[in-house]
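Below, each chain spelled out in residue letters.
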Amino acid sequence: MRVDYRIERPIALHASFDVTGFTVLLGASGEGKSLLLRAIAGLVPAEGEPFGGLAATRRAVGYLPQGQALFPHLRAWQNVAFALRGTQRRAQALQWLERVGLAALAERWPGTLSGGEQQRVALARALARRPQLLLLDEPTAALDPATRDDVIAELIAEVHAAGIPALAVSHDPVLAAVADRLVLMHGHRIVQAGTPEEVNARPVNGAVARLLGHRNVHRGRLGGAPGDAQQLLWPDAGVALPVRTKLADGIEVDWSIAPLAVLVHDAPAAPATAIAATVEVCQVNAQGRQYGLRCGRERLWVALPPERSMPASPRLSLPPAAIRCWPCD
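We now turn to the structure provided with this report. (Residues numbered from 1 in each chain as written. Predicted model: local features only at pLDDT ≥ 70, side-chain atom pairs only at ≥ 80, totals over all residues. Heavy atoms only, no water.)

1. A look at the packing of helix 4 (residues 115-128) against helix 5 (residues 145-162)
Relative orientation of the contacting elements helix 4 and helix 5 amounts to 10 degrees, with a least axis distance of 11 Å. As summarised for this structure, helix 4 and helix 5 are arranged roughly parallel, according to the angle between their axes. Packed against helix 4, whose contacting residues are Gly116, Gln119, Arg120, Leu123 and Leu127, the element helix 5 presents Val151, Glu154, Leu155, Glu158 and Ala162 at the interface. Looking at the contact of helix 4 with helix 5 residue by residue, the classes come out as five nonpolar, two polar and three charged. (Axes fitted to C-alpha atoms, helices over the stretch in contact; angles between N-to-C directions. Helix = DSSP H or I, 4+ residues; strand = E, 2+ residues; numbered from the N terminus. Parallel < 35°, antiparallel > 145°, perpendicular 65-115°, else oblique. Contact = heavy atoms within 4.5 Å. Nonpolar A, V, L, I, M, F, W, Y, C, P; charged D, E, K, R; others polar.)

Structure follows, in structure tokens:
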């Protein structure tokens, strides 16, 4: 399904992209993501397709606002039945609750349900309308990390089973990582779209890399002629790094390097050009360790495999071929 909407107020916004399967629109707070959902649902003035010109009540959308917005005075099944008509409303509501695994909680009040359970009741209510498009506003915002992955998996599985295209807006890279299609918004416009694999492999600029949760995205300036002799001036760390780009001399850039690409040396054996650093924090997981190291006024994240330990006085080298640069937008 193609989404193409133009909004003038409260902010100027034009967004045009395809929604396929479970699509995530990723952007920072204040970009207008929730506003776009409300426009598609017919809740704010806007021009666009699909559903352009139809009253909100006539639009074939299922809309899950942030916070689920369940009616606190209605039981779980009654919340689902609110979207239904006819004499079989209760039976149909129970069927939808069964599909999301909550039939046993049909008589419960929303206030007695967990955040994940409320999310699934809201999803059942939205799907009960049999929409042509499902809209989800920050669906992971109310979930704790322990349950988030399971709830996301159930949500996506139900969307796929229903065969309804879904558009979820979020600033959560975890949700973006499991999307069928990923759309990036920056500066109130769409700047990139593709599969999560495509977008993560080739972010179009530093802002997108930050949205995707990439670590080590910093600001710098290029010096010297493009090619092997070029340098990246990193003022906040007080160093100049050799770099290979095709960008012009003197421009300000966002640059990034993967934590795994940073080379770690012990001070006595370090090259003369290595950067002095001090360890601030260590994050441990099943894949190994990531260290936050202070370099001047900046922090650089470095990944080490489980069998390696961080030297007491580390020195860092950043291979030129591993540094990616984008002109600042």
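2. Some words on the pattern of salt bridges
The tally for this structure, following the rule as stated, stands at eleven salt bridges. Between Arg75 and Glu107 there is a salt bridge; the shortest N-O distance is 3.7 Å. Linking Arg75 in the loop between strand 5 (61-64) and helix 2 (76-81) with Glu107 in the loop between helix 3 (89-99) and helix 4, this pair joins segments that are 32 residues apart in sequence. Here Arg75 falls in the partly exposed class, since its relative accessible area comes to 27%. Classification of Glu107 as partly exposed rests on a relative accessible area of 38%. (Salt bridge = Lys/Arg side-chain N within 4 Å of Asp/Glu carboxyl O. Buried < 20%, exposed > 50% of the residue type's maximum accessible area, 1.4 Å probe, protein only.)

3. Describing the packing of aromatic side chains
Applying the stated rule across the entire model yields two aromatic pairs. Note on Trp234 and Trp255: the rings are 5.0 Å apart at their centroids and 85 degrees apart in plane angle, and the pair reads as edge-to-face. Of this pair, Trp234 sits in strand 11 (residues 231-234) while Trp255 sits in strand 13 (residues 252-256); the two residues are 21 residues apart in sequence, bridging distant segments of the chain. Judged by its relative accessible area of 0%, Trp234 falls in the buried class. Stacked on the ring of Trp77, the Lys or Arg Arg90 has its end atom at 4.8 Å from the ring centre. (Phe/Tyr/Trp six-rings, centres within 6.5 Å; stacked < 30°, edge-to-face > 60°. Lys NZ or Arg CZ within 6 Å of the ring centre and 35° of its normal.)

4. Section: the sheet that holds strand 17 (residues 288-295)
Spatial ordering of the open sheet is given by 16-17-18, a layout of three strands whose pairing is antiparallel. Edge strands, defined here as strands with exactly one partner in the open sheet, are strand 16 (278-285) and strand 18 (298-304). Mean inter-strand twist for the sheet, computed between neighbouring axes without regard to direction, equals 20 degrees. Where strand 16 and strand 17 come together, seven bridges link them in antiparallel fashion. Each bridged residue has a counterpart across the sheet, and for Val279 the counterpart in strand 17 is Leu293. (Pairing = 2+ DSSP bridges.)

5. Considerations on the sheet that holds strand 14 (residues 263-266)
Taking strand neighbours across the sheet as the criterion, the three strands line up as 14-19-15 in an open arrangement whose pairing is antiparallel. Whereas interior strands pair on both sides, the edge strands pair on one side only; in this sheet they are strand 14 and strand 15 (275-276). Bridge count between strand 15 and strand 19 (residues 314-317): two bridges; the pairing is antiparallel. Its bridge partner being in strand 19, Ile275 is matched across the sheet by Leu316.

6. Regarding the pairing of strand 3 (residues 22-26)
Both faces of the sheet carry side chains from a regular strand, because those side chains alternate between them. For strand 3, the buried fraction is high: five of the five residues fall into the buried class. One ladder, built from five bridges, connects strand 3 with strand 7 (residues 166-170); its direction is parallel. Bridge pairing in strand 7 links Leu26 to Ser170. Pairing geometry for strand 3 and strand 8 (residues 181-186), over four bridges, is parallel. Pairing of Leu25 across the sheet is with Val183, part of strand 8.

7. Brief notes about the nonpolar core
Ranked by internal contacts, the top residues of the largest apolar core, which has 44 residues, are Phe22, Leu97, Leu134 and Leu184. Ignoring any residue separated from it by four or fewer positions in sequence, one finds Leu97 in contact with Ala76, Trp77, Val80, Leu102, Ala103, Ala106, Val121 and Ala124. Core analysis: the second largest hydrophobic core is formed by 24 residues, Leu232, Ile257, Leu293 and Ile323 among them. (Core = buried A, V, L, I, M, F, W, Y, C linked by side-chain atoms within 4.5 Å.)

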